[in-house]
Every structure is written in structure tokens, then in C-alpha cells.
Amino acid sequence: MGRDSEKPRAEDRPTGGRTPADGGQNTHQLPPAAILEGLAFVSKVFWGPELGYCRAIHQEGGRAISRELALLSSAEAFSGTVAKIGAVVRSYQDGEALFQNLESEYVSLFISNRQGIAAPLYHSCYAGPEGPGRLAMLMGEPALEMKKRLASSGLALTEALNQPPDHLCIEIEYLYFMLREAWNGKVKELSAEGRRFARDWMLPWVRQFQNRVRAAEEAGFYTLVSVLLIDLLTIIGGKCSR
């Protein structure tokens, strides 16, 4: 698991097109492949900006981002957020300017800030005895639990990654793995586990994370992507977010 989350493929769309949020009623009209597409995009963003990727999504005057999120942008529940993300991308002159601004914002929000990191990317920071609104230390109980989860699933973190197992993107990619395996019919019981993981494990702390990003960010890109993640987790978890 790491920075190179694979894009959802045609075979990632199970037959029947049912949405995991509605028990088959397809309330949100969101195919599983769109959910995987969204999770892959969010993971890519929160691993940190890359120049090549910024250039790619800024092509055609920023309209290339619509192809990156083609399935989500066609879904009514997500089209507004995707359009706003596209507007932020198009607000920069070129891919280089987009990269420079996103990198600066990323460092300030998630890596290093004299006033303190606004929104750490680690689950443990939101799960300590300090309570909501106050950050806990790294490598707490969520990190230990994620280490067990990954090991029991036969997954391993690359040594080059050098990140705790409760990093936001690692949790997203673990969820992606469970859903893809379930929807491809390989391990069907992972569908229920994926719901529980999204609803009970990720949503509580990701909501705190999103609130902190929203309070601290100027440009709005990471806030919008965190909103996208909240909506995806809510649908996966079986709740109606809208």
C-alpha cells in the first residue's frame, strides 16, 4: 500500500450496479466503480501534490479533472463538489502554479506550521483522552489496530513509505481494497466489513479532520476534497448524507 493507488477498472464495477448505501435500492444512483474512483482520487490528493499529476489535471484549461472524476461528476449527489474542485484547479494559470500553491498549503495544513499543524493526517491524533478539538499523540490505539487489520488481510506497508499505519491514505486504501474485493465477488463478507469500517472507524475522526481543514485553509481545495471523502464514507457506511 502506498502513494500509487490504482484507478478503478471496468472489472471493478460489479454486475447489477447496486450502491452499498441502500441495500440494493440504488437511492443515490452511484455505481460502485464511482465510489472506487472517488476513493482513489482522495487518496492521491492527501498523499501530497505531485507536479506531474497537477499538470495532468490542469490540461485543457483545467477540464481534465472532469475526466479524472468522470463517474462521480455524473452523479447528482457529487456533481456540485466535483465542479467546485474543478473551479479551484482552473483558477490557477497552469499546472506548475497549481502544484506550487497546493504544495505550500499541504505543508502548512498537514506537515509543518509554526502555529501548530492544523489537521494531522493520522487517526491517533483524534482519538486520545484529550477529547474533541484537542489533538492526541501519534501511534496510539488506532495505529495498533490498523497494523493488526492490515496484517490479518495479508497487506503490508512498503518500507519506503515510512508512515504510521493509521495515516488517512492508508485507511482509505484499506477501505478501497475491502470494497473492491467484495464487489468483485472474491470475498463477499468484506462488503459488510467495509461498511462498518467507513461508518464506525473512519467517519468519526475524518469529520474532526475535515472541520479542522475547513477552519484553517485559505484556498479551499483540501476542504472540498475532504467534503468529498465525508460524502463517500457516508454512502459506503449506509447513511444518507444529503
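Shown above is the structure to which this text applies.
First, a word on what this report is: a plain description of the structure on this page. (Residues numbered from 1 in each chain as written. Predicted model: local features only at pLDDT ≥ 70, side-chain atom pairs only at ≥ 80, totals over all residues. Heavy atoms only, no water.)

Attention now moves to the packing of aromatic side chains. Scanning the model with the defined rule gives twelve aromatic pairs in all. On the basis of an interplanar angle of 70 degrees and a centroid distance of 5.0 Å, the ring pair of Tyr-106 and Phe-110 is categorised as edge-to-face. Placement of the pair is Tyr-106 and Phe-110 together in helix 6 (residues 95-111), with a separation of four residues, close to one helical turn. The pair formed by Tyr-106 and Phe-110 is uniform in burial state, with each residue classed as buried. Through a chain of ring-to-ring contacts, three or more aromatic side chains come together here, namely Phe-46, Tyr-106, Phe-110, Tyr-126, Trp-205, Phe-209, Phe-221 and Tyr-222. Above the plane of the ring of Tyr-53 lies Lys-44, whose end atom (NZ or CZ) is 5.2 Å from the centre. Here Arg-149 stacks its cationic end above the ring of Trp-201, 5.2 Å away from the centre of that ring. (Phe/Tyr/Trp six-rings, centres within 6.5 Å; stacked < 30°, edge-to-face > 60°. Helix = DSSP H or I, 4+ residues; strand = E, 2+ residues; numbered from the N terminus. Buried < 20%, exposed > 50% of the residue type's maximum accessible area, 1.4 Å probe, protein only. Lys NZ or Arg CZ within 6 Å of the ring centre and 35° of its normal.)

As a further point, take the packing of helix 7 (residues 141-152) against helix 8 (residues 168-183). One can describe the packing of helix 7 onto helix 8 by two numbers: an axis separation of 12 Å at closest approach and a directional angle of 35 degrees. For the pair helix 7 and helix 8, the sense of crossing is left-handed. Packed against helix 7, whose contacting residues are Met-146, Arg-149 and Leu-150, the element helix 8 presents Ile-170, Glu-171 and Tyr-174 at the interface. (Axes fitted to C-alpha atoms, helices over the stretch in contact; angles between N-to-C directions. Left-handed = near helix turned anticlockwise from the far one by under 90°. Contact = heavy atoms within 4.5 Å.)

Below, the discussion takes up the environment of Ile-230. Along the chain, the position of Ile-230 falls in helix 10 (residues 221-236). With a relative accessible area of 13%, Ile-230 lands in the buried category. Spatially, the C-alpha atoms of Ile-230 and Leu-203 are 6.9 Å apart, while their sequence positions differ by 27 residues. Sequence-distant contacts of Ile-230, defined by excluding residues within four places in its chain, comprise Leu-203, Val-206, Arg-207 and Gln-210.

Next up on the list: the pattern of salt bridges. Inspection of the entire model under this criterion finds eight salt bridges. With its nearest N and O atoms 3.5 Å apart, the salt bridge here joins Glu-145 to Arg-149. Here Arg-149 and Glu-145 lie together in helix 7, a separation of four residues that amounts to about one turn. Judged by its relative accessible area of 26%, Glu-145 falls in the partly exposed class. Arg-196 is paired through a salt bridge with Glu-193; the nearest N and O atoms lie 2.9 Å apart. Linking Arg-196 with Glu-193, this pair stays in helix 9 (residues 190-216), spanning three residues, or about one helical turn. Each of the salt bridges in this network shares a partner with another, and the network as a whole consists of Glu-145, Arg-149, Glu-193 and Arg-196. (Salt bridge = Lys/Arg side-chain N within 4 Å of Asp/Glu carboxyl O.)

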